[in-house]
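Survey of secondary and tertiary structure
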Amino acid sequence: MPEHPDPPRLRLRIVFGEDEMIGPGKAELLERVAQTGSIAAAGRDMGMSYKRAWQLIGTLNAMFDAPLVESTRGGPGGGGAVLTDAGHEVLALYRAVEHEATVANSGPLARLHAKLKKAPRQ
């Protein structure tokens, strides 16, 4: 039985409706688009297909009152993508909810962690 040296962490999904949600995967995709300047590169970094990355960005853009990502088509200079102001704000708000939930639940998480089976001493 393995030791459990890493503290527990929350993985939050905020559900607004049946097909409207944001969670760790979409948040990471937004962060990687901001870092790479490309939806395709962001998806590749996460091990997802080009099509899946574009679908998730399309879903996010359709969910909110303003697009979170703007993209330009390829061409001689190449295409690209950037987070809009709305994209930066939504990502920051999601991370704030995630952080506050972790802080607020640190006690119960630590108590749950302490109840895990321990590896036998050798």
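Everything discussed here concerns the structure shown above.
To start, this report covers the structure provided alongside it. Being a predicted model, the structure only gives us computed values, none of them experimental.

Observations concerning the overall build of the chain
The secondary structure content of the chain amounts to 5 helices and 4 strands. The burial tally for the chain puts 27% of its 122 residues in the buried class. By sequence separation, contacts in the chain at least 24 residues apart represent 51% of the contacts at least 6 residues apart. Accessible surface, the chain: about 8400 Å² in total, of which carbon and sulfur atoms supply 53%.

Section: the side chain of S38
As for its placement among the helices and strands, S38 is situated in the loop between α1 (24–36) and α2 (39–45). Side-chain polar atoms of S38 contact the backbone nitrogen of A40, separated by 3.3 Å. Dropping the residues within four chain positions of it, S38 is found in contact with V33 and A81.

What to know about the packing of α1 against helix α3 (residues 50–63)
Across the interface, α1 lies against α3 with an axial gap of 11 Å and an inter-helix angle of 100°. In terms of orientation, α1 and α3 fall into the roughly perpendicular class. For the pair formed by α1 and α3, the contact residues are K26, L29, L30 and V33 on the first element and A53, L56, I57, T59 and L60 on the second. A breakdown of the residues in the contact of α1 with α3 according to their chemical character gives 7 nonpolar, 1 polar and 1 charged.

Thresholds, definitions, all that
- Residues numbered from 1 in each chain as written.
- Predicted model: local features only at pLDDT ≥ 70, side-chain atom pairs only at ≥ 80, totals over all residues.
- Heavy atoms only, no water.
- Helix = DSSP H or I, 4+ residues; strand = E, 2+ residues; numbered from the N terminus.
- Buried < 20%, exposed > 50% of the residue type's maximum accessible area, 1.4 Å probe, protein only.
- Contact = heavy atoms within 4.5 Å.
- Areas by Shrake-Rupley, 256 points an atom, 1.4 Å probe, with all protein chains shown as cover.
- Polar contact = N/O pair within 3.5 Å; in protein donor to acceptor, adjacent residues only side chain to side chain.
- Axes fitted to C-alpha atoms, helices over the stretch in contact; angles between N-to-C directions.
- Parallel < 35°, antiparallel > 145°, perpendicular 65-115°, else oblique.
- Nonpolar A, V, L, I, M, F, W, Y, C, P; charged D, E, K, R; others polar.

Function cannot be inferred from these measures alone, as they are strictly geometric.
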